[in-house]
Amino acid sequence: MCMRFEIVTIFPDFFASILEHGILRRALAENLIEVGVHDLRAFTHDRHRTVDDRPFGGGEGMVLKPGPLAEALAALGIEPRTERQILSGALAPEGSRTRVILLSAQGRPFTQAVARELAALERVVLICGRYEGVDERINQLYCDMELSIGDYVLSGGELAAAVVVDAVMRLVPGVLGNEASGEFESFGVADAEIAAGAEGVPRSQHGSGGLLDYPHYTRPAEFASLRAPEVLLNGDHQQIRRWRREQQLRKTLANRPDLLERANLSGEDRKLLEAIRQEYR
Ligand code: SAM
């Protein structure tokens, strides 16, 4: 089944080049995903195609008006949340196969776990804010969640929407060559949770279990007087697997120690981690 993204934006052209490259382009060509980009200005009714207005209460900047956004959502068949729940007979938005998402610096963090959650849906609607943001009533009435791609402020939701589409579509079955390969990257699930398609995956790989990825090397074996690690050149998949796991632990400890608290670690991982910590003491 094909997963569909709908993006509501005042800059539809922004997405042209993103959709024309790499895995995203291939996923579209193979009808594994669909992306609809909708110009918010098409839902205005004045000569100037006005989408924004001054904020109530004063202050800097402009705010995206609720009217055009509500019309854009109606054109996509999106009812206010309460009506959607009644129509689908679901008590919670979790019962529906569509999510309406407002991109916002005030949102909950977008993580690989959220990407996984979204990849299981049929349709994801992404509302891109601009200026000071979107009239809050759109969030209240229509949005199932607010998502932030990081603790910084962008000038618009378009980059954030592109990030969400890219990270989610990689997890749609069939998009990556090997069904399981998304799980062998940073933030992936543990080996035990990788159900599908483990055949054909070199046994030198590990489900990351919530850790960062290990470092990668390619030819030439020697570059700028630095040799690629010998273990990767010798073809022993068990040794490679052990070395990669240790590197995952080292990288995560160095760059994202917070991830270790939630990571899925085996007894062997814990011993290795303790040994690495000893080195740094
Ligand atoms: N006044 C807002 C605030 O302080 O939170 C910032 C508005 S920002 C200049 C304009 C738009 O960019 C937002 O409405 C949102 O759609 C998008 N945006 C900015 N930072 C974002 C982030 N970290 N994640 C997702 N979207 C973001």
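See above for the structure.
Residues numbered from 1 in each chain as written. Predicted model: local features only at pLDDT ≥ 70, side-chain atom pairs only at ≥ 80, totals over all residues.

Caption draft 1: View of the nonpolar core. Counting residues in hydrophobic clusters, the biggest one holds 46 residues, and the most contacted among them are Ile101, Leu126 and Ile127. No other element matches helix H7 (residues 157-169), which puts eight residues into this core. For isoleucine 101, the residues in contact, after removing those within four places along its chain, are Val124, Val125, Leu126, Ile127, Cys143, Asp144, Met145 and Leu147. (Core = buried A, V, L, I, M, F, W, Y, C linked by C-beta atoms within 7 Å. Buried ≥ 20, exposed ≤ 12 C-beta atoms within 10 Å, placed from the backbone. Helix = DSSP H or I, 4+ residues; strand = E, 2+ residues; numbered from the N terminus. Contact = placed C-beta atoms within 7 Å.)

Caption draft 2: Molecular detail of the pairing of strand S5 (residues 98-109). Pairing geometry for S5 and strand S6 (residues 123-127), over five bridges, is parallel. By the bridge assignment for S6, isoleucine 101 is matched with leucine 126. For the crossover from S5 across helix H5 (residues 112-119) to S6, the handedness is right-handed. Pairing geometry for S5 and strand S7 (residues 145-148), over five bridges, is parallel. Bridge assignment links arginine 108 to a residue of S7, and that residue is leucine 147. (Pairing = 2+ DSSP bridges. Right-handed = clockwise from strand over helix to strand, strands pointing away.)

Caption draft 3: Region of interest: the environment of valine 37. With respect to the secondary-structure elements, valine 37 resides in strand S2 (residues 33-39). For valine 37, a count of 21 C-beta atoms within 10 Å translates into the label buried. Sequence-wise, valine 37 and threonine 9 are 28 residues apart; in three dimensions their C-alpha atoms are separated by 7.4 Å. When sequence neighbours within four positions are dropped, the list of residues in contact with valine 37 reads Ile7, Thr9, Pro12 and Phe15.

Caption draft 4: Representation of the site of the ligand in the model. The full set close to the ligand counts 20 residues, and Ala105, Gly129, Leu154, Gly157 and Ala160 are the nearest of them. The set of elements that each furnish at least two residues to the shell around the ligand consists of S5 and H7. In terms of residue class, the shell around the ligand is made up of nine nonpolar, nine polar and two charged. (Near = placed C-beta within 6 Å. Nonpolar A, V, L, I, M, F, W, Y, C, P; charged D, E, K, R; others polar.)

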